Amino acid sequence: MIAWDDNYLIGVERIDFEHRIFLDLINNFNQSRLKNENIGVLSGILQEIALYAKFHFKSEENMMQRIHYPDLTEHQNHHRELIDLFSTKMVGIETKMFSAKDVEKFLVDWFVNHVTHEDKKIGAFIKSTTK
């Protein structure tokens with residue numbers, strides 16, 4: 001389980017709200033993993049996370065476009081890379097190439113690193129333009 005921490009706030013209410021949901025989905029996967037749920041249940045949760053991630057990334061990208069975020073293309077590329085890696089993990093869990101714990105670690109690292117490094121830049125950009 002990973003607890004919400006205000007260090008994950010980027011200062012954009014909608015994006016911060018979406019991040020909380022994303023974290024909740026990761027924790028749902030972790031709880032199911034710890035309950036030794038079958039691969040069907042785990043795969044279903046991963047599919048939900050994948051769909052939500054795509055929605056959230058599009059939401060972020062639309063916002064970045066509206067504010068003329070200078071690193072939009074780089075951020076979009078980062079999103080695509082994360083989705084591609086996650087797709088590999090999803091297939092890997094079904095083929096037993098990756099364990100559920102491996103996938104959970106990937107999700108937590110993805111969330112923490114992307115939010116605290118990449119998404120924080122968006123918040124900083126917004127603050128710098130509203131002074």
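Conventions adopted
- Every residue gets a number counted from 1 within its own chain, in the order that chain's sequence is written.
- Since the coordinates come from a predicted model, pLDDT governs what is reported: local features require at least 70, and pairs of side-chain atoms require 80 or more to be given and counted, while whole-chain, interface and lining totals use all residues.
- Water and hydrogen atoms were dropped before computing side-chain values, which therefore reflect all heavy atoms in the structure.
- The set of buried Ala, Val, Leu, Ile, Met, Phe, Trp, Tyr and Cys residues whose side-chain atoms join them within 4.5 Å is what this entry labels a nonpolar core.
- For the exposure calls, accessible area comes from a 1.4 Å probe over protein chains only, and a residue counts as buried if that area is under 20% of its type's maximum, exposed if over 50%, partly exposed in between.
- Secondary structure elements follow DSSP: runs of H or I no shorter than four residues count as helices, runs of E no shorter than two count as strands, and numbering proceeds from the N terminus.
- A contact between two residues is defined here by any heavy atoms of the two lying within 4.5 Å.
- In this tally, Lys and Arg are treated as positive and Asp and Glu as negative; His is ignored, and so are the chain termini.
- Only one rule defines a salt bridge in this text: a Lys or Arg side-chain nitrogen within 4 Å of an Asp or Glu carboxyl oxygen.
- Given the number of residues in a helix, its expected span is that number minus one, multiplied by 1.5 Å.
- N or O atoms within 3.5 Å of each other form a polar contact, as long as, within protein, one can give a hydrogen and the other can take it, and as long as residues adjacent in sequence are counted only when both atoms are side-chain atoms.

A.B. asks: Lay out the nonpolar core with the relevant residues and their values.
C.D. replies: Formed by 37 residues in total, the largest nonpolar core has its most connected members in Phe29, Leu46, Ile49, Phe86, Leu107 and Trp110. Listed by contribution, the elements that provide at least two residues to this core are α1 (13-34), α2 (39-66), α3 (72-94) and α4 (100-129). Leave out the neighbours within four places in its chain, and phenylalanine 29 touches Leu42, Ile45, Leu46, Ile49, Ile93, Ala100, Val103, Glu104 and Leu107.

A.B. asks: With reference to specific residues and values, describe the side chain of aspartate 119.
C.D. replies: Looking at the secondary structure, you find aspartate 119 in helix α4. Among buried charged residues, aspartate 119 stands out as having no salt bridge; its nearest opposite-charge side chain is lysine 121, 9.4 Å away. Excluding anything up to four places from it in sequence, aspartate 119 contacts Ile10, His19, His56, Glu60, His75 and His114.

A.B. asks: Residue-level account of the environment of phenylalanine 86, with values.
C.D. replies: Structurally, phenylalanine 86 is set in helix α3. Residue classification places phenylalanine 86 among the buried positions, given a relative accessible area of 1%. In this structure phenylalanine 86 touches Leu46, Ile49, Ala50, Val103, Phe106, Leu107 and Trp110, once residues within four positions along its chain are discounted.

A.B. asks: Describe α2, listing the residues and the values that go with them.
C.D. replies: Within an α-helix, residues lying three or four positions from one another point in the same direction, as the helix has 3.6 residues per turn. Its 28 residues place the ends of α2 40 Å apart at the C-alpha level, agreeing with the 40 Å of an ideal helix rising 1.5 Å per residue. Backbone nitrogen of glycine 40 and a side-chain oxygen of the N-cap are separated by 2.8 Å at the start of α2; the cap is asparagine 38. Two residues or fewer past α2, histidine 68 is found with a positive phi of approximately 60°.

A.B. asks: Outline the pattern of salt bridges, supporting the account with residue identities and numerical values.
C.D. replies: Between side chains of opposite charge, a pair can form when the charged atoms approach closely. With the rule as written, the count across this model stands at five salt bridges. Salt-bridge contacts for lysine 58 lead to glutamate 61; the nearest nitrogen and oxygen are separated by 3.8 Å. Of this pair, lysine 58 and glutamate 61 both sit in helix α2, three residues apart, which is roughly one turn of the helix. We classify lysine 58 as partly exposed; its relative accessible area is 44%. Classification of glutamate 61 as buried rests on a relative accessible area of 11%. Two residues, glutamate 118 and lysine 121, come together in a salt bridge whose shortest N-O distance is 3.6 Å. Here lysine 121 and glutamate 118 lie together in helix α4, a separation of three residues that amounts to about one turn. The class for glutamate 118 is buried, based on a relative accessible area of 17%.

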